[in-house]
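Coordinate analysis (summary)
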Amino acid sequence: MNVDDHIFLWNQASVRLHDVRHIVMRAGEQLRSYQLPASAFLFSVRGSGLIRLDGNVHAIKNCYMAHAGKGTYVDIEEIKDELEYYLILYKAHLPLPCRQELLRLLEKTQPFHIQYGFTPMHQANVFVAISRMQQAWNQNGNLDKLRAKALLYQFVCELMAQMQSQGIGVTVPNLVAQAVRYIEEHYGETFTLDDLSTLLNCSSRSLQRTFKAQLAVGPIDYLIQVRIQKAQELLRQTNLGLKEVAESVGYTDSYYFSRIFKKYTGFSPSAYKVNPLTSEIRRQSPLLLSRYSIAGQKLWKYNDHIENENHSHPRDGGAVPMYKSTKAMLALNLMLSLTLLLGACSGGGTNTSNSGSAATGASNQVATQSNTTQTSANQEVKKSETRTIKHMKGELTLDFKPVRIAVLDTQYADQMIALGELPAGSVITTGDGSKFPEYLMDKLKDVHVLGTKDEPNSEAVVAMEPDLIICTEFQDKIYDNLNKIAPTIMFDRNEDWRETLITFGKILEKEQEAEQIVKDYQEKTNKLKAELATKLKGESVALIRPRDNAIRLHTVEHRTAAILYSDLGLTPPKPAMDKSDTATMISLEVLPEVNADHLFVVTDKANQALTDEYKNTSIWKGLKAAKENKVYEVNTTVWIAYYGPIAINNIVDEIAEALL
């Protein structure tokens, strides 16, 4: 642990003191499953016991200092006499805009979220600082609160000095272990992925990726597994009615619960309850619960307002309910249903040692039959010229024109409509909170919604019975599962839209139409390129997107920026010429250094407030483009998400309107 880095970041941070508590626990008393609502210091002054921070054990004996971040689960046990300690809850962050190196250092060291524990050498100094802080905090006056905050800095200063001299080690918090524990203890409640990520002080995307990297399923998948397992236990072991079981595991709609239960087990809840094979089936085909599984335990709560922050609340606007099915359970659904089917047919006489290979072979057969059935059931599917489609996972031979296509990236809906076809199902973008963008709404109003690019809804994909699925590398981990539903093609998401369109033309037997669209676009941009060169005479144009309390400057490598710089020959500002990445994050303070003559600003509901905040600053108002009224707001969905010929042509039209 580099304490110097921590000291540096504490100097740069904005800190809010959240609460200071003085707590005494009696012998034999325990604290179970308390989830920290903010970053915290815990300092014991007398007594002994064990404290667990996400399962990491610290032995307490008299004076001991521990630290953990928001979302950490705290357990205290094995108290022999009385344990007296102080709990200091605080929140700290770097005020933005700030330098990129600071953000990188913060991400690397995580001083406000890491876990550590040690026995201070100079315990009296620490105790005096904390006790004074607690006394000032309890006075409740504004000046007292300010004094308590000042004493927090005094305490941190003393703490850092002692850590520096003692060479203390740290533990990076395990977000997955925290998330798993919360899910397993709160599966009966309604909460969202955003709620869970907020509890753990991380972004929902970061939590999703980290969770899947460790457990091969996402948080939503895991929640469903837990709920179905708990429902199975209740059905086997109790006489609760369907509605009571559904509500016990977090489903307010018993009809929806029945559908999802049958999809994941192969039986309706009532059939599962009376089937004598369920116990053996459950033993042979358990749901894939994580190795982090932690049994639910009764909470020992603090009696004040902070405890309420541990409870989730439904949120408005774009939150993704965590009880929706997703991704990685598809293979599990198939295998579990097949096992139930085989068990029912064989009367339970199958040799256990051979069940694995039998199930595997049969599952492949079922997948093949499923795809064949879906294709033959749709009367519009007709034999046609055989063609081979090359993609990221190999080659797919088609001898029919697919009509029920599921697209798992928003740009492909645009590609298909441009060719006069419609997807049967499509994911949506969440940038502007709408179902589909306005420019495609009239065409896509009857299309099945399949979740989002980051969170495809596996149930919806199965339900629409596709004869072809088109995905990108974003769905790489569930590709095999998708391929069991229907033949699946994986495209490079950032492939030039023209190349993708030609491939779509081949799939849909419309190669000439695709080539004509590309030809028309080339003629259109060549003409506009000449007009812009005459009008602008080398004036620079930048494409930016305010987000995450900073500004994303898109470089010449970005696929949308390439329309400006490659297709239309516009001049990029020097910082945008970096080819090492598609974008670079800059602060508002650095934006004047971009020094663009024209500024396209990508906005949506998610970043409009931040954009407006920036536009009202003196820095923004001092920009050359702002002074000359050459700032143009454009829609994120059209400019970023729908990378297809219709959206691209709309972008070109907007550029022409702005610059000519």
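Above this text sits the structure in question.
Residues numbered from 1 in each chain as written. Predicted model: local features only at pLDDT ≥ 70, side-chain atom pairs only at ≥ 80, totals over all residues. Heavy atoms only, no water.

1. Comments concerning the pattern of salt bridges
- Counted under the stated rule, the structure contains 22 salt bridges.
- Residues arginine 46 and glutamate 82 are paired through a salt bridge, measuring 3.0 Å at the closest nitrogen-oxygen approach. With arginine 46 in strand S3 (residues 39-46) and glutamate 82 in the loop between strand S7 (73-77) and strand S8 (83-93), this pair connects stretches of sequence that are 36 residues apart.
- For glutamate 82, a relative accessible area of 34% translates into the label partly exposed.
- Put simply, lysine 443 and aspartate 442 hold a salt bridge, and the shortest N to O gap is 3.5 Å.
- Looking at lysine 443, the relative accessible area reads 42%, which means it is partly exposed.
- Several salt bridges share partner residues, and in doing so they unite Arg32, Arg52 and Glu77 into one network. (Salt bridge = Lys/Arg side-chain N within 4 Å of Asp/Glu carboxyl O. Helix = DSSP H or I, 4+ residues; strand = E, 2+ residues; numbered from the N terminus. Buried < 20%, exposed > 50% of the residue type's maximum accessible area, 1.4 Å probe, protein only.)

2. With respect to the packing of aromatic side chains
- This structure, assessed with the given rule, holds 16 aromatic pairs.
- For the pair tyrosine 86 and phenylalanine 127, a centre-to-centre distance of 6.3 Å together with 65° between the ring planes defines the contact as edge-to-face. Of this pair, tyrosine 86 sits in strand S8 while phenylalanine 127 sits in helix H3 (residues 123-137), and the two are 41 residues apart along the sequence.
- Accessibility expressed as a relative area gives 6% for tyrosine 86, which makes it buried.
- Taking relative accessible area as the criterion, phenylalanine 127 reaches 35% and is therefore assigned partly exposed. (Phe/Tyr/Trp six-rings, centres within 6.5 Å; stacked < 30°, edge-to-face > 60°.)

3. Digging into the side chain of glutamate 421
- Considering the arrangement of structural elements, one finds glutamate 421 in the loop between helix H15 (411-418) and strand S13 (425-428).
- Setting aside its immediate chain neighbours within four residues, glutamate 421 contacts Lys401, Met416, Leu508 and Lys510. (Contact = heavy atoms within 4.5 Å.)

4. Digging into the environment of valine 249
- Here valine 249 is to be found in the loop between helix H9 (242-248) and helix H10 (254-265).
- For valine 249, a relative accessible area of 0% translates into the label buried.
- Considered as a pair, valine 249 and valine 226 are 23 residues apart in the sequence and their alpha carbons are 8.6 Å apart.
- Beyond its immediate stretch of four places on either side in the chain, valine 249 contacts Tyr187, Gly188, Arg227, Lys230, Ala231, Leu234 and Phe257.

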